[in-house]
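Observations on the model geometry
Below, each chain spelled out in residue letters.
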Amino acid sequence: LEEPGQRVDSAFEKLVLECLVSAGYSVETQVAVGAFRIDLVVGEDTGRRLAIECDGAHWHTPEQLQRDLERQAVLERQGWLFARIRGSVFYRDPASAMLPVFARLRELGIEPRASFAQNDAAVGTIESMERIKRSAAAIREEWRTLERQSA
């Protein structure tokens, strides 16, 4: 996560990035494609890749989500494949939210880096998920505190 090119636009993207990296995947962040940017791209040297969009409440108002879906349609016509992760789902249960992404990666034949032993990747993913759950709980508590203060 400390490597150049690992810039993210939100804490949510960072958590998703950590899940993917912990599982052994090669991930690029904020990938420019023409005039567009893709949040995260998981891929291999073989050219197989999956674009992952992190739909958080702050950045994805209903109007913005519509523009994002239109952008996605343009990129899909260029051959990009997408997976979307809703922040509201991720913060409730990160492991469940990531299951469709990992399933899509397997479906596309995109494998974790060969240097990762299966057990190491599984342990790293579990540890990462626990870290994400703790972060999500802290964020929820912060929101509750802010709500109480504004009431």
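Below is a short write-up of the structure. For clarity, every value in this text was computed on a predicted model and none was experimentally measured.

Quick notes on the rules
- Residues numbered from 1 in each chain as written.
- Predicted model: local features only at pLDDT ≥ 70, side-chain atom pairs only at ≥ 80, totals over all residues.
- Heavy atoms only, no water.
- Core = buried A, V, L, I, M, F, W, Y, C linked by side-chain atoms within 4.5 Å.
- Buried < 20%, exposed > 50% of the residue type's maximum accessible area, 1.4 Å probe, protein only.
- Helix = DSSP H or I, 4+ residues; strand = E, 2+ residues; numbered from the N terminus.
- Contact = heavy atoms within 4.5 Å.
- Disulfide = S-S within 2.5 Å.
- Axes fitted to C-alpha atoms, helices over the stretch in contact; angles between N-to-C directions.
- Parallel < 35°, antiparallel > 145°, perpendicular 65-115°, else oblique.
- Left-handed = near helix turned anticlockwise from the far one by under 90°.
- Pairing = 2+ DSSP bridges.

1. Notes on the nonpolar core
Among the nonpolar cores identified, the biggest contains 28 residues, and V16, L20, I52, I85, F90, M98 and L105 are the most heavily contacted of them. For this core, the secondary-structure elements that each account for two or more residues are α1 (11–22), β2 (36–43), β3 (49–55), β4 (82–86), α3 (87–92), α4 (94–107) and α5 (118–150). Sorting elements by how many residues they give to this core places α1 first, with 6 residues. Excluding its chain neighbours within four sequence positions, the residues that come into contact with I52 are L20, I38, D39, L40, V42, A83, I85 and V101. One finds V33, A51, W80 and F82 within the second-largest nonpolar core, a separate group that totals 8 residues.

2. What to know about the state of the cysteines
This structure, assessed with the given rule, holds 0 disulfides. Unpaired in terms of disulfides, C19 finds its nearest cysteine sulfur in C54, a separation of 9.8 Å. Taking the relative accessible area as the measure of exposure, C19 reaches 1% and is therefore buried.

3. Thoughts on the packing of α1 against α4
Where α1 contacts α4, the axes come no closer than 12 Å and their chain directions differ by 45°. By the angle between their axes, α1 is oblique relative to α4. Pair α1 / α4 crosses with right-handed handedness. Contact residues: V16, C19 and L20 in α1; M98, V101, F102 and L105 in α4.

4. Some thoughts on the sheet that holds β3
With respect to topology, 4 strands assemble into an open sheet ordered β1-β2-β3-β4, the strand pairing being mixed. Either end of the sheet is taken by a strand with one partner, and the two such strands are β1 (27–33) and β4. In this sheet, adjacent strand axes meet at a mean angle of 40° when their direction is disregarded. Here β1 pairs with β2 via 6 bridges, running antiparallel. Bridging from a neighbouring strand, V27 pairs with V42 of β2. Sheet strands touched by α1: β1, β2, β3 and β4. Its angle to β2, the strand with the most contacts, is close to 20°. The sheet strands contacting α4 are β2, β3 and β4, and the helix crosses β4 at an angle near 170°.

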